[in-house]
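In case you want the letters, here they are:
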Amino acid sequence: MQLEDAKVKLSAFEAGVLIILILGIISSGIIFLGVVPHLPIILSIILLMAYGRWKGLSFGELEGGLIKGASTGLGAVYIFFFIGMLISSWMASGTIPTLMYGGFKLFSGTPIYLAAFIICSVLGISIGSAFTTAATLGVAFLGMAAAMDASLAIMAGAVVSGAFLGDKMSPVSDTTNLASGTFGVPLFEHIKNMLWTTVPGFILSGILFWILSPGTETKTGEIENFIHALETETSIGWTSMIPFILVTVFAIRKVSAIPTLSVSIISAIIISFINTNEMTLSKMSSILFSGFVMESKFEQLNVILSRGGVESMMFSISLVMLALGLGGLLFLLGIIPTLLASIERFLTSTFKLVLSTVMSAISINVLIGEQYLSILLPGNTFQSHFERMKLSKKTLSRALEDAGTVINPLIPWGVSGVFLSEVLGVSTLQYAPFTFFCLLCPILTLVSAATNIGIGKQARHSTIAQLD
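Residues numbered from 1 in each chain as written. Predicted model: local features only at pLDDT ≥ 70, side-chain atom pairs only at ≥ 80, totals over all residues. Heavy atoms only, no water.

A look at the overall build of the chain
Along its length, the chain carries 23 helices and zero strands. In terms of overall dimensions, the chain is globule-like: its C-alpha atoms have a radius of gyration of 23 Å, near the 23 Å expected for 468 residues. Referenced to the eigenvectors of the C-alpha coordinate spread, the extents of the chain come out at roughly 65 × 50 × 40 Å. By the burial criterion, 57% of the 468 residues in the chain qualify as buried. (Helix = DSSP H or I, 4+ residues; strand = E, 2+ residues; numbered from the N terminus. Rg over C-alpha atoms; globule rule 2.2 N^0.38 Å. Buried < 20%, exposed > 50% of the residue type's maximum accessible area, 1.4 Å probe, protein only.)

Notes on the packing of helix H10 (residues 187-212) against helix H20 (residues 393-405)
Interhelical geometry of H10 versus H20 gives an angle of 60° and a closest axis separation of 9 Å. Of the possible angle classes, the one that applies to H10 and H20 is oblique. Once H10 is placed against H20, the crossing between them reads as right-handed. The segment H10 lies against H20, with Glu189, His190, Asn193, Met194, Trp196 and Thr197 engaging Lys394, Thr395, Ser397, Arg398, Glu401 and Asp402. A breakdown of the residues in the contact of H10 with H20 according to their chemical character gives two nonpolar, five polar and five charged. (Axes fitted to C-alpha atoms, helices over the stretch in contact; angles between N-to-C directions. Parallel < 35°, antiparallel > 145°, perpendicular 65-115°, else oblique. Left-handed = near helix turned anticlockwise from the far one by under 90°. Contact = heavy atoms within 4.5 Å. Nonpolar A, V, L, I, M, F, W, Y, C, P; charged D, E, K, R; others polar.)

Side note on the pattern of salt bridges
Pairing of side chains with opposite charge becomes possible as their charged atoms draw close. Evaluation of the coordinates by the stated rule reveals four salt bridges. Between Glu387 and Lys393 there is a salt bridge; the shortest N-O distance is 3.7 Å. The class for Glu387 is partly exposed, based on a relative accessible area of 33%. Judged by relative accessible area, Lys393 falls into the partly exposed class, the value being 22%. (Salt bridge = Lys/Arg side-chain N within 4 Å of Asp/Glu carboxyl O.)

Here's the deal with the nonpolar core
Membership of the largest hydrophobic core comes to 123 residues, with the highest contact counts inside it found for Met100, Met155, Val159, Ile335 and Val423. With 13 residues, helix H7 (residues 130-147) is the largest single contributor of residues to this core. Excluding its chain neighbours within four sequence positions, the residues that come into contact with Val423 are Ile83, Ile87, Ala134, Ala135, Val139, Arg307 and Met313. With 20 residues, the next largest nonpolar core counts Ala361, Phe386, Met389 and Ala449 among its residues. (Core = buried A, V, L, I, M, F, W, Y, C linked by side-chain atoms within 4.5 Å.)

Here's the deal with a nonpolar patch on the surface
A contiguous nonpolar surface patch, about 950 Å² in accessible area, is contributed by Ile118, Val122, Leu195, Val199, Phe202, Ile203, Leu204, Ile207, Leu208, Trp210 and Ile211. Elements supplying a minimum of two residues to the nonpolar patch: helix H6 (112-127) and H10. No other element matches the nine residues that H10 contributes to the nonpolar patch. Its location among the elements puts Ile203 in helix H10. (Patch = residues over 30% accessible without salt bridge, like charges linked within 9 Å, V, L, I, M, F, W, Y side chains within 5 Å. Areas by Shrake-Rupley, 256 points an atom, 1.4 Å probe, with all protein chains shown as cover.)

Points about the confidence of the model for the chain
Per-residue pLDDT for the chain averages 84, and the proportion of residues at 70 or more is 93%. Here helix H11 (residues 220-233) stands out as the element of the chain with the lowest mean pLDDT, 72, in contrast to helix H23 (residues 436-451), whose mean of 95 is the highest. (pLDDT = per-residue confidence, 0-100.)

Side note on helix H19 (residues 371-388)
A rise of 1.5 Å per residue sets the reference length of H19, with its 18 residues, at 26 Å; its end C-alpha atoms lie 27 Å apart and thus fit the reference within 8%. When the local axis directions of H19 are compared, the greatest deviation, roughly 45°, occurs at Phe382. Within H19 the residues assigned to the buried category are Gln371, Leu373, Ser374, Ile375, Leu377, Pro378, Gly379, Thr381, Phe382, Gln383, His385 and Phe386. After H19 finishes, the residue Lys390 shows a positive phi value of roughly 55°. (Expected span 1.5 Å × (residues − 1). Bend = angle between axes of the 7 residues up to and from the residue.)

Digging into helix H16 (residues 314-332)
Every α-helical turn comprises 3.6 residues, leaving residues that sit three or four positions apart pointing alike. With 19 residues, H16 should cover 27 Å at 1.5 Å per step; its first-to-last C-alpha distance of 27 Å lies within 8% of that length. Of all 19 residues making up H16, 14 are buried, and the element is well covered by its neighbours. Just downstream of H16 lies Gly334, where phi reads positive at about 75°.

Considering the environment of Leu376
Its location among the elements puts Leu376 in helix H19. Taking relative accessible area as the criterion, Leu376 reaches 23% and is therefore assigned partly exposed. When the C-alpha atoms of Leu376 and Thr338 are compared, they prove to be 16 Å apart, with 38 residues separating the residues in sequence.

Notes on the packing of aromatic side chains
Inspection of every chain in the model, using the stated rule, returns eight aromatic pairs. Consider the rings of Tyr51 and Trp54, whose centres lie 5.9 Å apart with planes at 50°: the pair is tilted. In this pair, Tyr51 and Trp54 both sit in helix H2 (residues 38-54), three residues apart, roughly one turn of the helix. A relative accessible area of 12% means that Tyr51 is categorised as buried. Each ring, one from Phe209 and one from Phe436, has its centre 4.9 Å from the other, and the planes form 50°; the classification is tilted. On the criterion of sequence distance, the pair formed by Phe209 in helix H10 and Phe436 in helix H23 is long-range, its members being 227 residues apart. Accessibility expressed as a relative area gives 13% for Phe436, which makes it buried. Three or more aromatic residues joined by ring pairs make a cluster, and in this case those are Phe117, Phe202, Phe209, Phe434 and Phe436. The ring of Phe59 is capped by Arg53, whose NZ or CZ atom sits 5.4 Å from the centre of that ring. (Phe/Tyr/Trp six-rings, centres within 6.5 Å; stacked < 30°, edge-to-face > 60°. Lys NZ or Arg CZ within 6 Å of the ring centre and 35° of its normal.)

Encoded structure:
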């Protein structure tokens, strides 16, 4: 979707009223009525199509805008299918139980939320994928939190914070390469410049997770029982770590997501047949589609490890397609282009320019729920203004990551928010208040603009970083 896709010219007032109406329908449906997000989004789509027809657009044009918007999420949809199979196969092979077991043994005595935040940050930077980090280590840490009777919402917040710190800072992350390459900032110069907000965000988040972490002495007996259940009821061993190692190695070597996930799933299937004598092709097929079901005498273990499968992703996939289709209509009807254009006349200082960039990136996330567009659209809109004020493009690319990349997981109908709530088993509204790193990044980038700390002047050269 591009700004040029608009078929209707609106006044800023008209566009603003429509946006308030759409956000009111979606937010009231989710927050106050407690309905699933699909229904208010479908209602919003119907209203926008009726409005577009009133403005003279044909149903064919409106359906085309809906389809074009939804088509931008097809890549994520296929990844969702593979992630569903990854989780269920990793349960069957003992990979996630082994990660949980190792976490209990290795991090006993370490504040659990802090440990989750740091470890997910390290893995996220290594492999450049917040989704993979959350679906692997994140699921394991949520299992640990459940066994310790710790807060699942805070644990999910720690996992998401760490995963998206990695997604933002990793040289192999698609969003990092997108933000740097699209606006002509050398990749590692972009990463280095993001340290101005990432380091304070990491430190402050770490302190908060350390303070909130429960004492290690709590629920000691139940933890020991849970560890014993993992040892006796699941396949724990070094061979079960092979799928996790393969994902890490392939991601570091910049192999694309689907081949990486495929290799890991296949290896997990093979290990499942080796470790489980009663495993059959029919049973494995059921596990991959419907999810892994744990059957043991330990009920808590059954609840934690029974998940995954292609079928479990259908809720997420349907919501993503609806949300992106809504975004397509918002573009077609000129609502988003009009709002972006109306901001431009207020750009009279560095702080106002960065503030407008941040608010636009957040707004795109809220309205469309798509991470890439929250970087591309505001970036293309404000790039010339950064040049006019002789500000470095790396200041623009950093602001986009601080308000685009890390905000997407906080939107209940966003691609990341939908995926994470499904994988972690905690709703977006529950974990969002505890995603301290994600919440701090936009604030820190505004502090940088207000104090002029970390704000670079326009470079003399323009080197276009190559996307690997």
